Amino acid sequence: MTQPQYIPFDAHQNLAEEDMIRRAFEFRQEMQTRRSVRQFSDRAVPREIIEECLQTAGSAPSGANLQPWHFVVISDSAVKRQIRLAAEQEEHEFYTRRAPPEWMAALAPLGTDEHKPFLEIAPYLIAIFALNNSQLEDGRTVKNYYVSESVGISTGMLITALHHAGLACLTHTPSPMKFLNRILNRPPNERPYLLLVVGYPAPEAVVPDISKKSLDQIASFV
Ligand code: IYR
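Residues numbered from 1 in each chain as written. Predicted model: local features only at pLDDT ≥ 70, side-chain atom pairs only at ≥ 80, totals over all residues. Heavy atoms only, no water.

**Some details on the overall build of the protein chain**
- Summing up its helical and strand segments, the protein chain has 8 helices and 6 strands in all.
- Ordering the α and β elements of the protein chain from the N terminus gives α-α-β-α-α-α-β-β-β-α-β-α-β-α.
- Taken across its 222 residues, the protein chain has 36% of its residues classed as buried.
- When the accessible area of the protein chain is evaluated, it comes to approximately 14600 Å², of which 54% is carbon and sulfur surface.
- Taken together, the 22 basic and 26 acidic charged side chains of the protein chain have centroids lying 5 Å from each other. (Helix = DSSP H or I, 4+ residues; strand = E, 2+ residues; numbered from the N terminus. Buried < 20%, exposed > 50% of the residue type's maximum accessible area, 1.4 Å probe, protein only. Areas by Shrake-Rupley, 256 points an atom, 1.4 Å probe, with all protein chains shown as cover. Lys, Arg positive; Asp, Glu negative; His and termini not counted. Charge placed at Lys NZ, Arg CZ, Asp CG, Glu CD.)

**Regarding helix α6 (residues 147-165)**
- An ideal rise of 1.5 Å per residue puts 27 Å on 19 residues; α6 measures up with 27 Å between its terminal C-alpha atoms.
- Taken as a whole, α6 has its buried residues at V147, S150, V151, S154, T155, L158, I159, A161, L162 and H163.
- Here the buried face of α6 lies against α1 (17-31), α2 (47-57), β1 (69-74), β2 (124-131), β5 (168-172) and β6 (190-199).
- Of the residues flanking the end of α6, it is G166, one or two places downstream, whose phi is positive at about 100°. (Expected span 1.5 Å × (residues − 1). Contact = heavy atoms within 4.5 Å.)

**Some thoughts on the site of the ligand**
- Around the ligand, the neighbouring residues are E91, F94, Y95, W103, L107, L110, T112, D113, K116, H172 and T173.
- Between an oxygen atom of the ligand and a side-chain N or O atom of Y95, the distance comes to 2.4 Å.
- Coverage of the ligand by the protein chains reaches 71% of its 370 Å² of free accessible surface.
- Assessed atom by atom at 2 Å from the grid points, the ligand resides in the second largest pocket.
- Take the shell around the ligand: its biggest share by element is 3 residues, from helix α3 (residues 77-98). (Near = heavy atom within 4 Å. Polar contact = N/O pair within 3.5 Å; in protein donor to acceptor, adjacent residues only side chain to side chain. 1 Å grid on protein atoms, 1.4 Å probe; cavity = no way out; pocket = protein on both sides within 12 Å on 5 of 7 lines; lining within 4 Å. Sits in = over half its atoms within 2 Å of the grid points.)

**Details of the confidence of the model for the protein chain**
- Considering every residue of the protein chain, the mean pLDDT works out to 97; 100% of them sit at 70 or more.
- Mean pLDDT across the elements of the protein chain bottoms out in strand β3 (residues 133-135) (89) and peaks in α2 (99). (pLDDT = per-residue confidence, 0-100.)

**Some words on the packing of aromatic side chains**
- Scanning the entire structure with this criterion turns up 2 aromatic pairs.
- With a centroid separation of 5.0 Å and 85° between ring planes, the pair formed by F94 and Y95 is classed as edge-to-face. The two residues F94 and Y95 agree in class, both being buried.
- Ring geometry for F94 against W103: centres 4.8 Å apart, planes inclined by 85°, an arrangement best described as edge-to-face.
- Taking relative accessible area as the criterion, F94 reaches 10% and is therefore assigned buried.
- For W103, a relative accessible area of 46% corresponds to the partly exposed category.
- Every member of this aromatic cluster is reached through a ring pair, and the members are F94, Y95 and W103.
- The positively charged end of R43 is found above the aromatic ring belonging to Y200, 3.8 Å away from the centroid. (Phe/Tyr/Trp six-rings, centres within 6.5 Å; stacked < 30°, edge-to-face > 60°. Lys NZ or Arg CZ within 6 Å of the ring centre and 35° of its normal.)

**Considerations on the sheet that holds β2**
- Across the sheet, 4 strands lie side by side as β1-β2-β6-β5; this open sheet has antiparallel pairing. Two strands lie at the open edges of the sheet, namely β1 and β5, each paired on one side alone. When strand polarity is set aside, the average angle formed by the axes of neighbouring strands in this sheet is 25°.
- In the sheet, β2 pairs with β6 via 8 bridges, with the strands oriented antiparallel. Paired with F129 across the two strands is P192, which belongs to β6.
- Sheet strands in contact with α3 are β1, β2, β5 and β6, and its direction is about 110° off that of β1.
- In the packing of α6 onto the sheet, contacts are made with β1, β2, β5 and β6, and the angle to β6 comes to roughly 10°. (Pairing = 2+ DSSP bridges. Axes fitted to C-alpha atoms, helices over the stretch in contact; angles between N-to-C directions.)

In structure tokens, the structure reads:
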């Protein structure tokens, strides 16, 4: 069994409490301007921003630090087109057959439908895969733990980083998403987790008039 190796933890910033409160407040203000956007501009985004944000995502905590994720960044228009066609096919099934009335009712305030032009218009799609197992550097295959939790945390950090950098995104989940393995040539141990659409909002973009729950509604202190 490998013995743990420790190094001093000197990266913690020791902030004054008043600064911490201000920073927490300011960060909340910043994050509360994030909205899921469904109308994107085709304006190009520097790849370096995406790379930085992906490295933030890659710094997320994960089960046994096995980092069970893979991000495929798609900017090629032919690949984006293939993804749009496959996603719209699944969405057509969803909206015309698969979705039970209750689900349709829950979605009604968002005004979504089977048409997903943003999959071709936005400069980047990021397909996020969850790895049930991983290849170690020595070639061994190991099982991953808490995969959904780990990939969810990493995805949340990615969305936060993209927003902080000044980009908009949409968490898109065509279901089922197996077509992503085929189109992106990913192995079967990788489960498509989510498709993030990334770019700038179109100048004419609108968002649904919906709100978030208050602190009282989402938290209790005991
Ligand atoms: N995947 C479909 C439906 C959809 C489902 C939920 I839950 C949403 O919050 C939004 C949409 C689509 O993308 O249209």
